[in-house]
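The lines below spell out each chain.
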Amino acid sequence: MKVSGGHQNGMGTNPFYFYTSSNLVELTGEKANTLEELVALLKRCTGSAIFYHVFQSYRERHFAIEKYHSDFAQWISNSQDEEVLAERLGSLDVRDFVTLRALRESMIQIIEDHLKAYPQCGKRIGKTPFFFCQSVSVVMPTRDRAGGLEDFYQLIGKIGIRSIHYHLVEARLRLGIHTNDFSHWLGDSLKKERLAQRIEGIDMYLHTLEEIRTMILRYIEEEMNPSCHPPI
Amino acid sequence: MSSTHLMDYEPIVGHQTLEELYLLAEGLKGKRVKMVNSTAIGGGVAEILHQLVPLLDELGIQIQWEVIKGGEDFFIVTKSIHNALHGEAAPLTQRMKEIFLEVSQENIKNTDLDQDIIVIHDPQPIVFIEAKDRTHAKWVWRCHIDVSHPVEEAWNFLKGYVEQFDAALFSSPRFSKRLPIPQFLFFPSIDPLSDKNRELEPEFIDQVLDRFQLPRDKPMITQISRFDRLKDPVGVIKAYRMAKHYTDCRLVLAGGGASDDPESELVLNEVRTEAKQDPDIHIIVLPPTSSLDINALQRASTIILQKSIREGFGLTVSEALWKKKPVIGSAVGGIPAQIIPNLTGSLIYSTEGAAYQIRYLLSHPEAAKKLGEYGHEYVKEEFLITRKIRRYLLLFHILFHPGERIIPL
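In this text, all values refer to a predicted model and were calculated from it rather than measured experimentally.

**Student:** So what's going on with the interface of chain A and chain B? Residues and values would help.
**Tutor:** Opposite the 36 residues of chain A that make contact, chain B presents 39 residues. Both faces combined, the contact of chain A with chain B buries some 3,500 Å², and carbon together with sulfur accounts for 61% of it. Its largest share of buried area at the contact with chain B, chain A owes to Leu24, Leu27 and Phe63 of chain A, together 21% of the area lost on that side. Across the chain A-chain B interface, the total number found is six salt bridges. Close ionic contact of Arg405 of chain B with Glu26 of chain A constitutes a salt bridge, the shortest N to O distance being 2.9 Å. Contributions of two or more residues to the side of chain A that touches chain B are made by strand 1 (16–32) and strand 2 (130–146) of chain A. Here the element with the most residues in the side of chain A that touches chain B is strand 2 of chain A; it accounts for eleven residues.

In structure tokens:
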């Protein structure tokens with residue numbers, strides 16, 4: 001599946017092909033009522049479940065910044081009232097992981113360390129259970145492709161939220177690269193390293209997807225017209 | 001059938017959302033899909049299919065809707081099964097099972113099953129799965145009810161059928177069971193263009209308030225539910241009274257009529273007794289076709305309550321959120337799926353909790369406004385009919401790619 005790259009045009013630039021994804025949430029039938037049950041299920045649940053609860057489900061609430069992007073941290077905060085643990089889990093940054101295994105191991109370690117320190121909270125039944133879900137994604141090419149930075153700018157302004165999420169977030173684990181599709185193409189095909197780094201540096205969990213779109217557009221404007229937009 | 005078209009939803013959900021539906025549908029054009037349920041009129045499933053079928057047809061799916069036939073004895077049996085799946089003690093004798101199977105077999109004989117996908121809605125047509133080997137179709141069981149705590153005998157009777165499907169769909173993780181087949185989450189949906197949810201002129205809302213003699217002099221707290229103990233209308237009055245010590249407000253309890261339900265009449269009397277002729281408590285009995293009145297009452301309200309003791313999905317919550325109203329709801333049934341605490345509404349666990357949230361939201365109108373706005377966005381994302389269409393299109397793709405986690409088109 002091509003993400004960036006494609007036919008070389010006369011300028012020697014690979015176009016950026018925009019994709020979008022939709023997912024259907026699958027119920028695994030597993031649920032955790034306590035922290036001990038949660039960590040037991042974290043050890044044996046599928047990688048898809050981890051991916052869904054950490055990377056995908058918050059997309060459904062993309063219009064607001066919640067306290068935590070991770071469903072696990074949200075549940076531990078809302079249902080278990082274990083705020084210290086929620087904060088530790090919630091601060092895990094997707095950019096620090098290129099495999100789901102590494103992310104799973106980190107989460108398990110954090111929870112087990114907490115349970116060692118506070119064993120009494122392990123068996124406390126939460127206000128609501130945590131239902132483990134996973135998803136099946138259908139990825140579709142859109143009709144949009146950008147040949148250069150100007151095209152890219154126009155299309156970023158109009159593509160759907162799911163497309164932004166797909167290229168910024170889902171790309172990381174799909175491609176096994178420590179960046180995102182946009183930055184990868186900007187740096188690799190257009191040699192816009194500074195722009196690529198600025199986009200990669202966006203703190204995704206502190207902005208809604210629409211805010212992120214606005215930030216990307218601003219960064220591109222500053223790149224295209226540096227005299228009119230002194231960098232912040 | 002509904003007369004709305006997909007393009008009618010573009011001003012609400014945006015061009016990109018519709019564009020993605022067209023993209024998803026491209027690879028499914030010409031696929032033959034049959035929906036099978038037990039009634040074309042009355043009930044939530046029929047209402048859903050009336051909206052859904054024409055829109056899927058518009059996307060190029062060759063869709064048919066089949067309604068099974070049965071006499072009174074068959075529907076008595078299916079009602080009993082329905083109640084038992086909800087956990088109520090309901091008889092299911094050997095003779096009842098025989099009637100269920102006989103009528104089902106008769107329906108199977110008279111149904112064209114040469115389809116690509118067959119979606120069976122709820123238990124009534126579930127025996128159709130016995131015809132699975134006669135077709136190449138993929139079979140889906142769409143369960144619209146909560147089967148998490150059924151009477152075991154009823155569940156054991158149906159389980160063997162459910163496990164033969166290629167997939168099952170549930171409205172909430174809470175409603176599902178452990179099954180050896182894939183299960184997908186299909187939230188119910190509202191139609192933003194229906195009488196229950198569309199925008200209303202302020203003058204019309206005023207007319208409705210005048211008709212029900214509802215002054216606009218103070219904040220209005222409203223619960224819209226049939227008069228049923230499981231909706232806890234007496235508890236709502238108690239919460240209102242606790243809140244009213246601190247902040248003046250008016251309470252509206254509006255619900256379905258009681259003419260054909262003896263228990264409803266009893267509950268209505270209990271509510272009137274509890275109201276103790278408080279001039280700020282308004283008890284309104286609505287006839288079945290009151291969609292516009294419900295819409296107007298919700299839009300005129302300051303806060304919407306759904307203080308149920310037990311609940312199915314509770315789609316009235318989404319209706320209220322769609323209208324940007326702050327909603328206080330019990331953490332039961334499907335309500336927690338719609339109310340994300342402190343983001344799209346307030347989840348409560350007690351009468352005192354409801355009272356506190358009423359006080360808080362009335363004294364923090366900006367916070368209440370934010371909850372309503374986020375609630376509206378969340379409904380737009382998850383609980384509109386366009387989302388349901390997307391889910392069905394995804395499901396159809398997934399059925400043709402079993403076992404795959406990422407399906408490239």
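**Student:** How would you explain the packing of aromatic side chains if you had to name every residue and give the values?
**Tutor:** Across all of its chains, the model carries 28 aromatic pairs over all chains by this definition. On the numbers, 6.4 Å between centres and 35° between planes, the contact of Tyr19 of chain A with Tyr166 of chain A is tilted. Linking Tyr19 of chain A in strand 1 with Tyr166 of chain A in helix 7 (residues 161–175), this pair joins segments that are 147 residues apart in sequence. Each member of the pair, Tyr19 of chain A as well as Tyr166 of chain A, is classed as buried. For the pair Tyr378 of chain B and Phe383 of chain B, a centre-to-centre distance of 5.5 Å together with 85° between the ring planes defines the contact as edge-to-face. For Tyr378 of chain B, a relative accessible area of 6% corresponds to the buried category. Cluster of aromatic residues (ring-pair linked, three or more members): Phe63 of chain A together with Phe187, Phe313, Tyr374, Tyr378 and Phe383 of chain B. Arg211 of chain B extends its terminal NZ or CZ atom over the ring of Phe212 of chain B, reaching a point 5.2 Å from the ring centre. Positioned above the aromatic ring of Tyr246 of chain B is the side chain of Arg359 of chain B, whose terminal nitrogen or guanidinium carbon lies 3.7 Å from the ring centre.

**Student:** Give a detailed account of the sheet that holds strand 7 (residues 220–224) of chain B, specifying residues and quantitative values.
**Tutor:** Residues and elements named next belong to chain B. Taken together, six strands build an open sheet; the order of strands is 9-8-7-10-11-12 and the sheet is parallel. Taken across any chain shown, the strands that pair with only one partner, and hence form the sheet edges, are strand 9 (281–286) and strand 12 (346–348). Mean inter-strand twist for the sheet, computed between neighbouring axes without regard to direction, equals 20°. Strand direction decides the pairing type here: strand 7 and strand 10 (residues 303–306), joined by three bridges, are parallel. Across the sheet, the residue bridging to Ile221 is Ile303, located in strand 10. Strands in contact with helix 8 (residues 233–244) are strand 7, strand 8 (250–256), strand 9 and strand 10; relative to strand 8, the strand with the most contacts, it is inclined by about 170°.

What counts, and at which threshold
- Residues numbered from 1 in each chain as written.
- Chains lettered and ligands numbered in written order.
- Predicted model: local features only at pLDDT ≥ 70, side-chain atom pairs only at ≥ 80, totals over all residues.
- Heavy atoms only, no water.
- Contact = heavy atoms within 4.5 Å.
- Buried area = accessible area lost by both parts, 1.4 Å probe.
- Salt bridge = Lys/Arg side-chain N within 4 Å of Asp/Glu carboxyl O.
- Helix = DSSP H or I, 4+ residues; strand = E, 2+ residues; numbered from the N terminus.
- Phe/Tyr/Trp six-rings, centres within 6.5 Å; stacked < 30°, edge-to-face > 60°.
- Buried < 20%, exposed > 50% of the residue type's maximum accessible area, 1.4 Å probe, protein only.
- Lys NZ or Arg CZ within 6 Å of the ring centre and 35° of its normal.
- Pairing = 2+ DSSP bridges.
- Axes fitted to C-alpha atoms, helices over the stretch in contact; angles between N-to-C directions.

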